[in-house]
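One letter stands for each residue in the lines below.
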Amino acid sequence: MARRATLKDVAAAAGVSVTTVSLVLNDRPARVSTEKREAIAQAVKQLNYVPNQNARSLVTKQSKLVALIVPDIENLFFAALAKCVEDECAAQGYSLIVANSDDSRESEQALLRRLTSRGVDGVLLIPARESCAAGAGAALREDVERVTCPVVLIDRLTQCGWCDAVGFDNYLGGRLAAQYLLEGGHKRIGIVTGDVAESSAADRRRGFVDAIEQAEERFDSALCVSGDYRFDGGYHAADRIIDGGATAVFCCHDVMALGFRQRMAERGLHVTEDMQVIGYDNILRRFGLGLRMTTVEQSVVDLAAAGWGMLGSRIDAVVRGDGDSGAGRPWLASPPGGGVAAFETGAGRLRITRIARAMRVLRITRVTRGAYRRKGRFSAAIRTSKG
């Protein structure tokens with residue numbers, strides 16, 4: 001095995017001191033001539049020198065590693081989100097470790113311990129379903145409080161106001177879907193949900209049902225089927241909802257909507273003509289699927305940018321010494337009265353199609369000591385295609 005080139009090797013090849021090489025490669029102010037800088041660059045290229053990040057970490061106290069823990073890497077939304085988070089991290093010189101918890105709290109706990117021991121500078125955590133269940137918030141908080149680096153909860157929010165968090169307003173998303181179908185003249189509407197023990201799925205269902213009942217229409221619980229965010233879930237839910245006389249259905253995930261549409265096709269039914277189907281996430285388009293599907297869009301680009309923006313600022317604060325890994329961990333601070341402060345954010349997008357209206361859909365909560373509750377605003381619209 002070829003020996004790895006060191007800083008000393010580069011210095012010897014360039015005919016300068018090790019200190020000079022270090023200053024130049026780290027872009028630090030130094031009176032080094034253009035000729036010497038070029039000699040150093042040439043030596044780096046010839047020797048194929050790669051900086052030792054472990055050695056650099058001892059000096060900078062940063063690993064330049066960030067972790068993203070997802071519940072299910074096979075879920076297209078989480079896969080796309082991971083890609084967008086990686087792009088955000090890379091732009092700032094960070095590498096991303098993506099870990100899969102399999103929606104298990106036990107696995108989540110192990111990953112938090114393991115990644116912390118690897119010295120990551122921060123963690124973006126999409127909590128496991130078990131951690132989001134009713135009554136599980138305290139246990140999740142205990143797990144997160146053991147982590148010694150900044151943590152931001154993303155997408156699935158426990159809404160308990162004890163940690164920095166970024167996520168879409170799922171209640172509003174459910175309302176948007178129902179309102180769209182109601183305005184299309186539908187009265188008997190079905191829904192294929194995720195696991196309502198998990199807060200985001202429960203919020204989508206609640207928003208959907210509230211919108212129907214507030215329109216003075218009757219919601220038939222027999223037309224509510226759990227699909228667990230899987231293709232098979234939508235496929236197997238279709239017969240019950242179709243046979244129940246529904247003229248429209250809201251599938252709380254695009255992949256379930258694909259499954260539902262597949263079963264419709266097998267029964268000789270057509271979307272729009274025989275039944276309106278609306279999905280959630282608008283994620284299939286990124287993978288070349290479902291291009292003609294009406295869907296509520298959650299922008300993974302906006303979510304990744306907001307999540308990394310919050311985590312990156314917390315990491316920078318730690319580096320500056322504004323918040324250390326000891327008692328002062330501002331990302332976990334609890335304001336008086338249990339309030340949560342949210343920072344104002346720019347315009348993002350959550351769309352469905354065919355309807356355009358301003359809505360608050362992306363909720364960003366940032367915990368700060370002695371702060372009060374404010375809400376960031378993102379815009380929403382509804383956009384659809386024929387089919």
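One can find the structure itself at the top, above this paragraph.
Residues numbered from 1 in each chain as written. Predicted model: local features only at pLDDT ≥ 70, side-chain atom pairs only at ≥ 80, totals over all residues. Heavy atoms only, no water.

K.L.:
Got a minute to help me understand the nonpolar core in this structure?
P.N.:
Among soluble globular proteins, nonpolar side chains are generally buried collectively. Counting 69 residues, the largest nonpolar core has Phe208, Phe250 and Phe260 as its most contacted members. Excluding residues that lie within four positions of it along the chain, Phe260 makes contacts with Val192, Gly234, Tyr235, Ala237, Ala238, Ile241, Ile242, Val249, Cys251, Met275 and Val277. By size, the runner-up hydrophobic cluster in this structure holds 22 residues, among which are Val123, Leu140, Val147 and Leu153. (Core = buried A, V, L, I, M, F, W, Y, C linked by side-chain atoms within 4.5 Å. Buried < 20%, exposed > 50% of the residue type's maximum accessible area, 1.4 Å probe, protein only. Contact = heavy atoms within 4.5 Å.)

K.L.:
In this structure, what is going on with the environment of Phe77? I would like to understand it.
P.N.:
As for its position among the elements, Phe77 is in helix 5 (residues 76-91). The spacing of Phe77 and Leu284 is 207 residues in sequence and 8.6 Å in space, taken between C-alpha atoms. Apart from the residues lying within four places of it in its own chain, the contact partners of Phe77 are Asp155, His253, Asp281, Ile283, Gln298, Val300 and Leu303. (Helix = DSSP H or I, 4+ residues; strand = E, 2+ residues; numbered from the N terminus.)

K.L.:
So what exactly am I meant to see when it comes to the environment of Gln298 here?
P.N.:
You can see Gln298 is positioned in the loop between strand 10 (294-297) and helix 13 (300-320). Each C-alpha atom, one on Gln298 and one on Ile283, is 8.0 Å from the other, the two residues being 15 residues apart in sequence. At 2.7 Å, the side chain of Gln298 and the side chain of Asp281 are in polar contact. (Polar contact = N/O pair within 3.5 Å; in protein donor to acceptor, adjacent residues only side chain to side chain.)

K.L.:
Is there a simple way to explain the sheet that holds strand 9 (residues 276-281) in this structure?
P.N.:
Strand pairing in a sheet is mediated by backbone hydrogen bonds. Such pairs are either parallel or antiparallel. Spatially, 5 strands are ordered 7-6-8-9-10 in an open sheet, and the strand pairing comes out parallel. At either margin of the open sheet sits one strand with a lone partner, and together these are strand 7 (224-226) and strand 10. Taken over all neighbouring pairs, the strand axes of this sheet differ in orientation by 20° on average, direction set aside. Where strand 8 (residues 248-251) lies against strand 9, 3 bridges are found, and the strand directions are parallel. Among the inter-strand pairings, Ala248 is bridged to a residue of strand 9, identified as Gln276. Lying on the sheet, helix 11 (residues 231-243) is in contact with strand 6 (189-193), strand 7 and strand 8; it crosses strand 6 at an angle near 155°. Contacts from helix 12 (residues 254-266) reach strand 6, strand 8, strand 9 and strand 10 within the one sheet, and its direction differs from that of strand 9 by about 155°. (Pairing = 2+ DSSP bridges. Axes fitted to C-alpha atoms, helices over the stretch in contact; angles between N-to-C directions.)

K.L.:
Mind showing me how you'd approach helix 1 (residues 7-14) here?
P.N.:
Structurally, the α-helix is built with 3.6 residues per turn, so residues lying three or four positions apart point the same way. Along helix 1, the residues that are buried comprise Val10, Ala11 and Ala14. Along helix 1, the residues classed as buried sweep out an arc of 100° about the axis, all on the same side. Within helix 1, the exposed residues directed more than 90 degrees away from the buried face are Lys8 and Ala12. Residues of helix 1 that are buried in the fold lie against helix 2 (18-25) and helix 3 (34-47). (Arc of directions from axis to C-beta.)

K.L.:
Is there a simple way to explain the pairing of strand 2 (residues 95-100) in this structure?
P.N.:
Here is the key point about a regular strand: its side chains alternate between the two faces of the sheet. Relative to strand 2, strand 1 (residues 65-70) runs parallel, the two sharing 6 bridges. Across the sheet, Ala67 pairs through a bridge with Ile97, a residue of strand 2. What joins strand 1 to strand 2 is helix 5, and the crossover it makes is right-handed. (Right-handed = clockwise from strand over helix to strand, strands pointing away.)

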